[in-house]
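As a plain string of letters, each chain reads:
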Amino acid sequence: MELAIRTEQLTKRCGTRVVVNDISLAVQSGAIFGFLGPNGAGKTTTIAMLLGLVRPSAGWVRLFGIDIPQHATRALQQVGAMIEAPAFYPYLSGYDNLRVMTRAGGLPDSAANHALTLVDLVAHSHALFRTYSQGMRQRLGIAAALLHNPRLIILDEPTNGLDPAGQIEIRGLIRSLAERGHTIFLSSHMLHEVEQLCDQVAILKAGTVMLQGSVHELLHREPQLIVRIAGDQSAAIPLLQAIPWIQRVERHADYLVLTAPLERSAEINTLLVQQAIPVAEIRAREERLEEMFLAVTADRDAP
């Protein structure tokens, strides 16, 4: 399958500080790709290198097989981006703001109408930008990125500052764009948003990619069972730890987490019951992206 974004050993140094360290990304065409990391992890610098705004210290970027920055103009004809808060003329309407951009880019005015239709802003297209809600401003920013019908859309925190209703609207818009065949590169700190939307994800910490892959594979990489004991857990723990195919037993407030094959849950239940340890519940544990993110970005050197 064609790759919309490919980076190899992408690195950016600022003096002696390494901001982005040896990043290799592979974003499939047509995917919604989530780019996650805490503040200061290097997400914005990476995006700037993807768009040819910052020159890498080492490594390379290709968009649809075209080198950045060597052939940036040709590559970026296929890319639309909304980085940080969109900036528009407050005294112009949404439509007129887009028309300024279409004329600057040599595009027909119909491109503005089409983009407004895609983001569901036609009913407000002639209202002044200064009267727009935050959600409408974000949608107009996405409309601006869509004017030239790009194959790849890069969105940096598109739901930042929105209320829950606005977040739902933008998520729906992103899904609809992906269904139309656009590749979406989504930088976000909203973990539940990325889990709901994205096909693939990369988690960044201190400029380094810690994990990368499909959301489904990452969340199911290590089979785990939740076991709730009806009573004291203490007797169950050494018994379970002695079983060779149970890799790990973690004690939580009112349940145990076992790293073990899911298909052996009946054996675990039988073993505990035979030892007069009543089992209230046993089920597969579904890891959440938030838990994974916290685990891989935790500062393990901290006291």
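Residues numbered from 1 in each chain as written. Predicted model: local features only at pLDDT ≥ 70, side-chain atom pairs only at ≥ 80, totals over all residues. Heavy atoms only, no water.

1. Observations concerning the packing of helix H5 (residues 134-146) against helix H6 (residues 164-179)
Contact geometry for H5 and H6: axes closest at 10 Å, N-to-C directions at 20 degrees. Taken together, the axes of H5 and H6 lie roughly parallel to each other. Along this stretch, H5 crosses H6, giving a crossing that reads as right-handed. From H5, Gly135, Gln138, Arg139, Ile142 and Leu146 reach across to H6, where they touch Glu169, Ile170, Leu173 and Leu177. Looking at the contact of H5 with H6, its residues break down into five nonpolar, two polar and two charged. (Axes fitted to C-alpha atoms, helices over the stretch in contact; angles between N-to-C directions. Helix = DSSP H or I, 4+ residues; strand = E, 2+ residues; numbered from the N terminus. Parallel < 35°, antiparallel > 145°, perpendicular 65-115°, else oblique. Left-handed = near helix turned anticlockwise from the far one by under 90°. Contact = heavy atoms within 4.5 Å. Nonpolar A, V, L, I, M, F, W, Y, C, P; charged D, E, K, R; others polar.)

2. Notes on the sheet that holds strand S11 (residues 208-214)
Spatial ordering of the open sheet is given by S7-S8-S9-S4-S10-S11, a layout of six strands whose pairing is mixed. The sheet terminates laterally at strand S7 (79-82) and S11, the two strands that pair on one side only. On average, each strand axis in the sheet is tilted by 15 degrees relative to the strand beside it, whichever way the strands run. In this sheet, strand S10 (residues 200-205) lies alongside strand S4 (residues 32-36) in parallel orientation, the contact comprising four bridges. Among the inter-strand pairings, glycine 34 is bridged to a residue of S10, identified as valine 201. (Pairing = 2+ DSSP bridges.)

3. As for the nonpolar core
Ranked by size, the top nonpolar core spans 43 residues in total, and within it Leu98, Ile142 and Ile184 carry the most contacts. At six residues, the largest contribution of residues to this core is made by H5. Once you skip the residues sitting within four places of it in the chain, isoleucine 184 turns out to touch Ala31, Ile32, Phe33, Ile153, Leu155, Ile174, Leu177 and Ala178. Formed by 28 residues, the second largest nonpolar core is a distinct cluster that contains Val19, Ala41, Phe64 and Phe185. (Core = buried A, V, L, I, M, F, W, Y, C linked by side-chain atoms within 4.5 Å. Buried < 20%, exposed > 50% of the residue type's maximum accessible area, 1.4 Å probe, protein only.)

4. Side note on the packing of aromatic side chains
Taken as a whole and assessed by the stated rule, the structure comprises five aromatic pairs. Ring centres of tyrosine 89 and tyrosine 91 lie 5.7 Å apart, and the angle between their planes is 40 degrees; on these two criteria the pair is classed as tilted. Grouping aromatic residues by their ring pairs yields a cluster made of Phe33, Phe35 and Phe185. It is arginine 151 that lies over the ring of phenylalanine 64; its NZ or CZ is 3.9 Å from the centre. (Phe/Tyr/Trp six-rings, centres within 6.5 Å; stacked < 30°, edge-to-face > 60°. Lys NZ or Arg CZ within 6 Å of the ring centre and 35° of its normal.)

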